Amino acid sequence: MKLHGIGLGAALAVSQLFHVSGKSMSPTINKEGNNSILLLDKISSWFGMYSPKVNDVVVFTKPGMKQKSVVKRVKAISGETVVTKNGTVVIVKPGYFWAVGDNQACSVDSNDYGQVPLQALIGRCLLVLPLNLCYLKRYIGLL
């Protein structure tokens, strides 16, 4: 039994459960407007073992709002060109990435606040837990 506890403890030390509400990542996350829980790999970004790749789903601290974490999809990385939703062409600077919501109709993202510094990265999404597992937040208090 101790081994399982150590394994779970180690897993929780290198990963994080992240509660997601809102519709900006629908239909990938929060289908039908329900809440979801993400399992994040956070240790890789802590030790510089992970750099965002295009199409990765990541969680980061929203630029200008250190207390607000958001989940978005990486659209462009350092050196790549992106066309914003208003038609402006942007070249992503070294040390930054461009992130957008899957549901552009209601997403506040890099189109609004610009490029995201790599230092703001919290982790990469490994798994979206099924909606019926959202009871973890309420009943077990894991989040």
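Residues numbered from 1 in each chain as written. Predicted model: local features only at pLDDT ≥ 70, side-chain atom pairs only at ≥ 80, totals over all residues. Heavy atoms only, no water.

Asks: Honestly, the overall build of the protein chain in this entry has me stumped. Any pointers?
Replies: Looking only at helices and strands, the protein chain features four helices and nine strands. Beginning at the N terminus, the succession of helices and strands in the protein chain can be written as α-β-β-α-β-β-β-β-β-α-β-β-α. For the protein chain, the proportion of its 143 residues judged to be buried stands at 38%. Nonlocal contacts in the protein chain, meaning residues at least 24 apart in sequence, comprise 53% of its contacts between residues at least 6 apart. Carbon and sulfur atoms make up 58% of the accessible area of the protein chain, which totals about 8400 Å². (Helix = DSSP H or I, 4+ residues; strand = E, 2+ residues; numbered from the N terminus. Buried < 20%, exposed > 50% of the residue type's maximum accessible area, 1.4 Å probe, protein only. Contact = heavy atoms within 4.5 Å. Areas by Shrake-Rupley, 256 points an atom, 1.4 Å probe, with all protein chains shown as cover.)

Asks: Sorry, what's going on with the nonpolar core here?
Replies: One recurring pattern in soluble globular proteins is that nonpolar side chains are buried together. Tyr50, Val58, Phe60, Val70, Val74, Phe97, Ala99, Tyr113, Val116, Ala120 and Leu121 together form the largest nonpolar core, which totals 11 residues. Of all the elements in the fold, those that place two or more residues in this core are β3 (57-61), β4 (69-77) and β7 (96-100). (Core = buried A, V, L, I, M, F, W, Y, C linked by side-chain atoms within 4.5 Å.)

Asks: Would you explain the confidence of the model for the protein chain in this entry?
Replies: Close reading of the predicted structure is inappropriate where its pLDDT is low. With 72% of its residues at a pLDDT of 70 or more, the protein chain has an overall mean of 78. The least confident element of the protein chain is helix α1 (residues 2-14), whose mean pLDDT is 47; the most confident is β7, at 97. For residues 1-9, every residue scores under 50 in pLDDT, and the model assigns this stretch zero contacts once sequence neighbours within four places are set aside. (pLDDT = per-residue confidence, 0-100.)

Asks: So what exactly am I meant to see when it comes to the side chain of Ser24 here?
Replies: One can find Ser24 in the loop between β1 (15-20) and β2 (36-41). Those residues within four positions of Ser24 in sequence are excluded, and the remaining contacts are Val71, Lys72, Gly101, Asp102, Asn103, Cys106 and Ser107.

Asks: When you look at the pairing of strand β9 (residues 121-129) in this model, what are you seeing that I'm missing?
Replies: Of the pairings in the sheet, the one linking β2 to β9 comprises five bridges and is antiparallel in character. If you follow Leu38 over to β9, its bridge partner there is Val128. Note: β3 against β9, three bridges, orientation antiparallel. Residue pairing across strands places Phe60 opposite Leu121, the latter belonging to β9. (Pairing = 2+ DSSP bridges.)

Asks: Hey, could you run me through the pairing of β7 in this one?
Replies: A regular strand carries its side chains on alternate faces of the sheet. Burial within β7 is extensive, with four of its five residues counted as buried. Bridge count between β4 and β7: four bridges; the pairing is antiparallel. Bridged to Ala76 within β7 is Trp98. Inspection of the sheet shows β7 paired to strand β8 (residues 116-117) by two bridges, in the antiparallel sense. Note on β8: the bridge partner recorded for Tyr96 is Pro117.

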